[in-house]
Amino acid sequence: MSAATDDYSDDDAPLASQSFNGSQRRAKTANGKRVTDSDQDNFSSSEVDDIPLSQATRPSETPAPPRRGNLKRYIPLSDSSSDDDTPLASSPAKKAAPKQVNGATKRRKAKSQDTDAEDDSEPVKRQKKRAPANGKAKRPPRKKVKQESASSADDEPPAKKKPANTRKRKLKTEDDDDEGNDSDAQPKKTKPRAKKVKQEEGSDAPPQSKATTSKRDKEKEASQPKGNKKEKVEEEEENVYRWWDAENPNGDGTIKWQTLEHNGVIFPPPYEPLPSNVKMKYDGKEVDLPPASEEVAGFFGAMLETDHAQDATFQKNFFEDWQKVLKEHPPRNRIVIAEFAKCDFRPMFEYFEAEKAKKKALSAAEKKALKKAREEAEAKYMTCLLNGRKEKVGNFRVEPPGLFRGRGEHPKKGALKLRVRPEDITLNIGAGTPTPVPNVPGQWKSVIHDNTVTWLANWVENINGNHKYVFLAAGSTLKGQSDMQKFEKARELKSHVDRIRQNYTRDLKSKIMAERQRATAMYFIDKLALRAGNEKGEDEADTVGCCSLRCEHVTLEPPDSIIFDFLGKDSIRYYNRVQVDAQIFKNIRIFKENKNEEDNLFDRVTTSSLNKHLTSEMNGLTAKVFRTFNASITFQRLLDEDREKLDGATLQEKLNAYNKANRWVAVLCNHQRSVPKTHDQTMEKMRHKYRALKYERMKLRHGLFWMDSSYKKNKKYIADESDLDDEFIAGHEEATKAKEIEKAEKKFAKENEKLVEEGKKPNNASVLQERIEAVEEEFEKLVKERGTGKATLKRGRAPEKIEGQIDKLTQRIKAFKLQMVDRDEGKEVALGTSKINYLDPRITAAWCKIHDVPIEKIFSKTLLTKFPWAMEADSDWKF
């Protein structure tokens with residue numbers, strides 16, 4: 001409990017304040033079921049998961065985390081301690097508190113408020129079907145100008161695909177609308193117009209007939225080389241449905257699709273018993289387990305040397321669930337398994353590791369054949385027909401049974417995830433569509449035809465009772481519309497945020513305790529990007545957000561600092577010391593008075609009531625929108641600040657600047673991660689490669705000196721590589737020689753395989769021996785050259801060419817050094833989360849065009865597929 005300081009009078013305290021019991025601080029619904037953070041693990045994010053994130057330092061294991069810098073003040077607040085600043089008597093609030101605890105109806109509203117931005121209830125507009133090729137409603141072909149002018153001809157040949165840059169220029173004319181849904185925009189037909197003018201000015205001849213144009217086009221197409229991969233790629237790109245060009249791309253808010261046809265989900269194969277010689281042991285004796293019990297034991301055996309298997313909670317939950325299975329399927333040799341400590345899963349672990357090694361040792365051809373067989377089996381599940389268009393399905397594979405790992409310190413980690421069967425799954429398909437047949441025995445739980453939702457299948461998992469959903473892939477029409485709508489809603493907040501801040505600043509002094517608490521919570525969500533948070537059940541990890549903060553999580557440090565210390569999402573520690581406005585400090589002191597450390601700080605505020613108030617401020621506004629807005633607007637500001645600094649910078653310097661801004665946002669949003677276990681190994685490999693590049697430059701310099709000693713006087717080449725000692729050079733040359741010999745052996749074997757296939761006699765081993773001797777002779781020269789400062793290069797090259805090679809290598813070394821710095825600085829920050837969910841991708845697309853950075857250097861292929869609508873943003877686009 002926080003005591004009042006001498007700086008404030010008793011007038012600041014609420015009248016008739018009372019302490020609160022435990023039932024008030026950890027409220028549940030009337031039926032005892034908690035309101036969960038997420039019902040849909042298959043969502044890319046959920047509302048509570050997507051509620052504005054927290055600005056936090058990296059998670060720390062130490063009891064005394066490092067201090068953070070002060071937070072910039074946004075709103076100057078009064079330091080008044082007058083009676084006007086005192087909330088009214090808390091009697092009205094007393095009535096609200098039990099309602100908060102026991103009101104099932106209110107909890108249901110909370111759940112409806114806290115839906116994800118990608119929830120199936122989110123408005124997504126009906127897709128506009130393309131008209132027939134000769135219809136007037138069809139958008140003009142985007143390729144050949146002559147074909148555009150003759151698009152109405154019935155015998156018109158297919159239009160050739162135009163280059164990608166033409167499409168980009170077209171979008172620049174359409175992206176003037178901030179909302180990105182200029183459905184009336186049409187591609188400018190400048191070339192046909194120019195042609196018409198030329199005909200009018202040049203001669204009185206009639207315009208060229210459509211038939212003639214069509215014939216010429218056919219002849220031109222026939223002259224083009226076939227099998228051009230680049231043309232095929234462009235054709236595939238053009239076949240993608242450009243929903244963002246359609247009328248009302250954000251959807252109509254009710255109907256998500258007209259027709260939907262898919263093949264359901266694919267179930268994992270049934271369990272295959274282990275060989276008879278592989279058995280776990282109990283108290284030193286082999287146990288003969290039936291398949292059902294053996295399968296569960298194998299789940300733990302496969303994880304034997306992981307951190308999970310060493311965790312006490314994980315072991316406890318696994319053993320309890322395994323005991324239940326053993327009661328129904330006891331060992332055949334009647335051994336009673338009563339203590340976990342006497343169980344020996346090592347034989348199982350060794351068998352699984354040997355199987356992994358066998359798979360890893362397969363030849364490239366065998367691996368390719370297995371992959372092809374798997375893809376063929378899954379092919380029909382990977383796509384569906386949505387409104388007659390083929391769309392990719394996201395998570396069409398049903399998760400196999402196993403042990404629940406959870407995130408962070410989840411109390412149920414280690415529990416048994418049961419096998420999902422067709423009887424557990426509800427399918428959603430179009431009316432009149434054939435019902436798919438499961439790939440395992442069984443019948444679907446039910447089949448519905450609900451076109452107001454976007455999921456294809458769902459079931460309830462047994463660990464937390466959450467719903468699992470199958471949705472379309474990230475790059476699908478519906479997902480793309482959802483993403484665009486989410487970011488456009490965040491952009492809309494820009495025009496309301498000043499008024500909202502004025503309103504909650506005024507309510508910071510409200511006489512009504514609920515309003516004052518709500519305003520304070522909004523301040524933290526806005527300024528610190530905290531998640532709103534929801535209540536947790538006793539069987540869940542004790543993670544909190546803004547609305548579920550307890551007094552123990554917030555410490556006052558006079559005169560105006562607050563220390564936050566709690567576990568956020570995924571049990572990642574949030575520690576932050578911030579300097580706040582005087583009124584905020586006063587309010588927190590008031591909220592903590594007469595409360596125990598385990599009592600709720602905001603006992604008059606819930607996530608649902610907060611979001612309900614935000615909706616009244618702006619239509620569709622939730623706490624989640626604040627997080628997306630703060631992340632994107634901050635990212636835009638940071639990139640704009642570095643714009644002039646990057647003039648003339650190298651590509652790697654630009655990438656480092658981009659990642660630096662992304663890291664800042666990731667810290668703001670508390671997107672922390674533990675340092676990867678392989679980080680040290682990765683950095684060591686990078687350091688070795690860095691020195692190897694410097695070794696190559698050294699040999700080029702020495703070769704230049706051998707040719708002309710006058711280069712030694714040139715300052716550009718005089719500096720040596722000081723970090724290349726004799727030990728590294730000797731080791732590097734030996735390793736390089738071994739690689740060259742291995743390369744020669746592989747090439748020799750491949751040549752002989754080809755000769756045998758052609759029916760010819762393979763080369764003798766003497767040929768390989770000659771090649772190996774040539775490699776060894778080459779490296780013997782390197783040994784003699786050590787320490788001489790001179791080198792003979794393999795191929796004769798002119799000095800000018802060597803100078804150019806040295807310059808290029810110097811640039812590579814500089815860029816690689818920046819990569820090393822960037823990798824090391826980002827070891828504790830997850831940059832991908834913000835790219836996927838919180839940063840408007842149009843910011844990145846515009847930035848890449850400004851600085852001439854290939855978008856592929858920043859966005860993976862997955863993200864490029866997810867955000868095709870954003871890639872065409874103009875260079876002057878701003879969030």
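Anything mentioned here points back to the structure above.
As a starting point, this report considers the structure included with it. Just so we're clear, the structure is a prediction, and the values are computed from it rather than from any experiment.

1. Here we look at the packing of aromatic side chains
Here's step 1: Counting across every chain of the model gives 26 aromatic pairs.
Here's step 2: Through a chain of ring-to-ring contacts, the aromatic side chains of F300, F314, F318, F319, W322, F340 and F345 assemble into a single cluster.
Here's step 3: Taking the ring centre of F471 as reference, the NZ or CZ of K479 above it sits at 4.5 Å.
Here's step 4: K817 extends its terminal NZ or CZ atom over the ring of Y690, reaching a point 5.4 Å from the ring centre.

2. Some remarks on a negative patch on the surface
Here's step 1: A surface patch of negative charge is lined by E770, E773, E776, E777 and E780.
Here's step 2: As for its position among the elements, E776 is in helix α24 (residues 765-785).
Here's step 3: Of the residues examined, E776 reaches a relative accessible area of 32% and is grouped as partly exposed.

3. Things to note about the pairing of strand β14 (residues 561-567)
Here's step 1: β14 sits mainly inside the fold: five of its seven residues count as buried.
Here's step 2: In terms of strand pairing, strand β13 (residues 554-557) meets β14 through four bridges, oriented antiparallel. Residue E557 lies in a different strand from β14, and its bridge partner there is S561.
Here's step 3: In this antiparallel pair of consecutive strands, β13 and β14, the connection spans three residues.
Here's step 4: Sheet analysis places β14 next to strand β15 (residues 573-579), joined by seven bridges and oriented antiparallel. Bridge assignment links D565 to a residue of β15, and that residue is Y575.

4. Remarks on the environment of R346
Here's step 1: Among the secondary structure elements, R346 is positioned in helix α12 (residues 346-360).
Here's step 2: Separated by 66 residues in the primary sequence, R346 and M280 have C-alpha atoms spaced 7.0 Å apart.
Here's step 3: Dropping the residues within four chain positions of it, R346 is found in contact with L304 and E305.

Calculation rules
All residue numbers here refer to positions counted from 1 along the written sequence of the relevant chain. pLDDT decides what is reported in this predicted model: residues at 70 or higher carry local features, side-chain atom pairs at 80 or more are listed and counted, and totals for whole chains, interfaces and linings draw on all residues regardless. To obtain the side-chain values, all non-hydrogen atoms of the structure were included, while hydrogens and water were left out. A pair of Phe, Tyr and Trp rings is counted when the ring centres sit within 6.5 Å of each other, with Trp represented by its six-membered ring. The angle between the planes then sorts it: under 30 degrees is stacked, over 60 is edge-to-face, the rest tilted. Only when the NZ of Lys or the CZ of Arg is both within 6 Å of the ring centre and within 35 degrees of the ring normal is a charge said to sit over the ring. Patch criteria: residues need more than 30% relative accessible area and no salt bridge. Like-charged residues are merged within 9 Å; nonpolar side chains of Val, Leu, Ile, Met, Phe, Trp and Tyr are merged within 5 Å. Here the accessible surface of atoms and residues is derived via Shrake-Rupley with a 1.4 Å probe, and residues count as covered only by protein chains that are part of the display. The term salt bridge refers to a side-chain nitrogen of Lys or Arg lying within 4 Å of a carboxyl oxygen of Asp or Glu. Charge assignment: positive for Lys and Arg, negative for Asp and Glu; neither His nor the chain ends contribute. The atom standing in for a charge is NZ when the residue is Lys, CZ when it is Arg, CG when it is Asp and CD when it is Glu. Strands here are runs of E lasting at least two residues and helices are runs of H or I lasting at least four, both read from the DSSP assignment and numbered beginning at the N terminus. Summary of the burial criterion: residues with accessible area below 20% of their type's maximum are buried, those above 50% are exposed, and those between are partly exposed, where the area comes from a 1.4 Å probe applied to protein chains only. Pairing between two strands is assigned when DSSP locates at least 2 bridges connecting them. For this analysis, residues touch if any pair of their heavy atoms sits within 4.5 Å.

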